[in-house]
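# Summary of the model geometry
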Amino acid sequence: MANTVHIDVVSAEASIFSGEAEFVVAPASAGEVGIYPNHAPMITTIKPGALRIKQANEAEETLIFISGGLLEVQPGVVTVLADTAVRGHDLDEAKAIAAKEAAEEALKNRTSDIDYATAQAELSEAVAQIQTIERLRKKTH
């Protein structure tokens, strides 16, 4: 049996993933972090991006888009508490592109009532979703 770590990915809406993984790559606030079995304990914030999970006995990585949250690593267990989490194949590219364009327009239009920080956060999330979709597309071709 392969050396694995248990991972749980949960959001406010639901449990998105629970299983054994050979490794996990998460978009931590300071950059991507790779987690293998027996990783040192840690806790960090995560930013919008793709959570990559290499499941034991699976050829392909599982991609999950997360919009931010917390990552906790304990001996034998990785927990991702995401603000929003969506499996890669469930992402809607047209919706993500529309959200990106709306956020870019709000940032350009200084006379709008939208909060600048909110627009920046929405833009960051939309760009991360599009990047996750592109990564998933490359993986399947």
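Here, the structure is the one placed above.
Our subject in this report is the structure included herewith. (Residues numbered from 1 in each chain as written. Predicted model: local features only at pLDDT ≥ 70, side-chain atom pairs only at ≥ 80, totals over all residues. Heavy atoms only, no water.)

### Examining the side chain of Arg 52
Here Arg 52 is to be found in strand β5 (residues 49-55). Note on Arg 52: relative accessible area 18%, which makes it buried. Contact partners of Arg 52, with chain neighbours within four places excluded, come to Phe 23, Val 24, Val 25, Glu 32, Glu 61, Thr 62, Leu 63 and Arg 135. (Helix = DSSP H or I, 4+ residues; strand = E, 2+ residues; numbered from the N terminus. Buried < 20%, exposed > 50% of the residue type's maximum accessible area, 1.4 Å probe, protein only. Contact = heavy atoms within 4.5 Å.)

### Overview of the environment of Glu 105
On the secondary structure map, Glu 105 appears in helix α1 (residues 93-108). Judged by relative accessible area, Glu 105 falls into the partly exposed class, the value being 45%. Residues Glu 105 and Leu 123, 18 residues apart in the sequence, show an inter-C-alpha distance of 9.9 Å.

### Description of the side chain of Ser 67
With respect to the element layout, Ser 67 can be found in the loop between β6 (62-66) and β7 (69-74). Residue Ser 67 is classed as buried on the basis of its relative accessible area of 11%. The contacts of Ser 67, once residues within four sequence positions are left out, are Lys 47, Pro 48, Asp 83, Thr 84 and Glu 125.

### Topic: the environment of Val 10
Following the sequence through the fold, Val 10 ends up in strand β1 (residues 5-11). Separated by 75 residues in the primary sequence, Val 10 and Ala 85 place their C-alpha atoms 7.3 Å from one another. Contacts of Val 10, omitting those with residues within four sequence positions, involve Ser 15, Ile 16, Val 80, Leu 81 and Ala 82.

### Overview of the environment of Thr 84
For Thr 84, the position within the fold is in the loop between β8 (77-82) and β9 (85-87). C-alpha of Thr 84 to C-alpha of Ser 67: the two residues are 17 residues apart in sequence and 5.3 Å apart in space. Contacts of Thr 84, omitting those with residues within four sequence positions, involve Ser 11, Glu 13, Phe 65, Ile 66 and Ser 67.

### Here's the deal with the nonpolar core
Counting 22 residues, the largest nonpolar core has Ile 7, Val 9, Leu 51, Ile 64, Leu 71 and Val 80 as its most contacted members. Listing elements by their share of this core, those giving two or more residues are β1, β2 (15-28), β3 (31-35), β5, β6, β7 and β8. Per-element accounting of this core gives the leading share, six residues, to β2. Look past the residues within four positions of Leu 71 in its chain and what remains in contact with it is Ala 26, Val 33, Ile 35, Met 42, Ile 43, Thr 44, Ile 46, Val 78, Thr 79 and Val 80. (Core = buried A, V, L, I, M, F, W, Y, C linked by side-chain atoms within 4.5 Å.)

Note that all results are geometric; they support no functional claim without further evidence.
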